[in-house]
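What follows is each chain in one-letter form.
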Amino acid sequence: PEDIFAGKLVVMDQEFRSYATPDSNSFTIRMDALLIILVYQGEARMTIDHISYHLKKDHVVILGKNHLLDQIRVSHDYKGVLIACESDFPGYIFGAENHVLLDELISLRLNPVQQLKEKEMEFIRGVVSRLRRNIRRDKHKFQQTLVYNEFSTFLLELWTCITSRN
């Protein structure tokens, strides 16, 4: 299932699809969004900016504007989640004056694949679960604020996990 907020933010489960054919319909996508992939189980292979990556459990992929993505293949037991938003959505949430995180995320351009520890991924999965729950609360008077806060929490916590070992 996928959860969509205001046409600007999508959180979608990813699983192997038997109809996926690895080579027959391959095409390159130039990103014009922020795309984050969390690998929960199995393996995936993809090419980002003409470099091949082999992803496993607890890997995170962070792609921003102008990354090139193609040649995506996943194992039969692959499961993960994809979070995508308009490229300016995080800036809108954090505000123009607080661009430190956005600058830091952009710095991952040359290293878009990161490995989390198992406990870190468990924690991030909980944040994603709360984000999805708030996206589904479309009758809540303050839904927009709840979603913005949870998405900013997701980005801040993910960034903390990535940078904690440096």
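In this report, the structure presented in the accompanying data block is examined. Since the structure is predicted, the reported quantities are computational estimates derived from the model, not experimental observations.

## Describing the overall build of the protein
Item 1. Assigned secondary structure in the protein consists of four helices and 10 strands.
Item 2. Along the protein, helices (α) and strands (β) appear in the sequence β-β-β-β-β-β-β-β-β-α-α-β-α-α when read from the amino end.
Item 3. Across the 166 residues that make up the protein, the buried fraction comes to 43%.
Item 4. Taking the contacts inside the protein whose residues are at least 6 apart along the sequence as the reference set, 76% of them involve residues at least 24 apart.
Item 5. Carbon and sulfur atoms form 52% of the exposed surface of the protein, whose accessible area is close to 9500 Å².

## A few points about the pairing of strand 4 (residues 33-41)
Item 1. Of all nine residues in strand 4, eight are buried; the element is thus mostly enclosed.
Item 2. By the bridge criterion, eight bridges tie strand 4 to strand 9 (residues 79-86) in an arrangement that is antiparallel. Bridge pairing in strand 9 links isoleucine 36 to isoleucine 83.
Item 3. In this sheet, strand 7 (residues 59-63) lies alongside strand 4 in antiparallel orientation, the contact comprising four bridges. For leucine 38, the partnering residue across the bridge sits in strand 7 and is valine 60.

## Quick notes on helix 3 (residues 118-136)
Item 1. With 19 residues, helix 3 extends 27 Å between its outermost C-alpha atoms, agreeing within 8% with the 27 Å of an ideal straight helix rising 1.5 Å per residue.
Item 2. All of the buried residues along helix 3 are Glu120, Met121, Ile124, Val127, Val128, Leu131, Arg132, Asn134 and Ile135. Down the axis of helix 3, the smallest arc covering the buried residues is 160 degrees, so these residues share one side.

## Some thoughts on the pairing of strand 8 (residues 68-74)
Item 1. For strand 3 (residues 29-30) and strand 8, the ladder comprises two bridges, and the chain directions are antiparallel. By the bridge assignment for strand 8, isoleucine 29 is matched with leucine 69.

## Concerning the nonpolar core
Item 1. Within the largest apolar cluster, 30 residues are counted, with the highest numbers of intra-cluster contacts made by Leu9, Ile36, Leu38, Val128, Phe151, Phe154 and Leu158.
Item 2. Breaking this core down by element, the ones donating at least two residues are strand 2 (9-15), strand 4, strand 7, strand 9, helix 1 (89-94), helix 3 and helix 4 (143-163).
Item 3. If you tally residues by element for this core, the top one is helix 4, at nine residues.
Item 4. Grouped together as the second largest cluster of nonpolar side chains are 16 residues, Leu35, Ile37, Val39 and Ala84 included.

## Quick look at the sheet that holds strand 1 (residues 2-5)
Item 1. If you walk across this open sheet you meet the six strands as 1-2-9-4-7-10, and the pairing is antiparallel. Single-partner strands in this sheet number two, and they are strand 1 and strand 10 (113-115). When strand polarity is set aside, the average angle formed by the axes of neighbouring strands in this sheet is 15 degrees.
Item 2. Looking at chain direction, strand 7 and strand 10 are connected through three bridges and run antiparallel. Its bridge partner lying in strand 10, valine 61 is registered against valine 113.

## Some points on the environment of aspartate 49
Item 1. Tracing the backbone shows aspartate 49 in the loop between strand 5 (44-48) and strand 6 (51-55).
Item 2. Note on aspartate 49: relative accessible area 21%, which makes it partly exposed.
Item 3. From its side chain, aspartate 49 meets the backbone nitrogen of leucine 68 in a polar contact 2.7 Å long.

## Observations regarding the sheet that holds strand 8
Item 1. The four strands lie next to each other as 3-8-5-6, forming an open sheet whose pairing is antiparallel. Taken across any chain shown, the strands that pair with only one partner, and hence form the sheet edges, are strand 3 and strand 6.

Cut-offs applied
- Residues numbered from 1 in each chain as written.
- Predicted model: local features only at pLDDT ≥ 70, side-chain atom pairs only at ≥ 80, totals over all residues.
- Heavy atoms only, no water.
- Helix = DSSP H or I, 4+ residues; strand = E, 2+ residues; numbered from the N terminus.
- Buried < 20%, exposed > 50% of the residue type's maximum accessible area, 1.4 Å probe, protein only.
- Contact = heavy atoms within 4.5 Å.
- Areas by Shrake-Rupley, 256 points an atom, 1.4 Å probe, with all protein chains shown as cover.
- Pairing = 2+ DSSP bridges.
- Expected span 1.5 Å × (residues − 1).
- Arc of directions from axis to C-beta.
- Core = buried A, V, L, I, M, F, W, Y, C linked by side-chain atoms within 4.5 Å.
- Axes fitted to C-alpha atoms, helices over the stretch in contact; angles between N-to-C directions.
- Polar contact = N/O pair within 3.5 Å; in protein donor to acceptor, adjacent residues only side chain to side chain.

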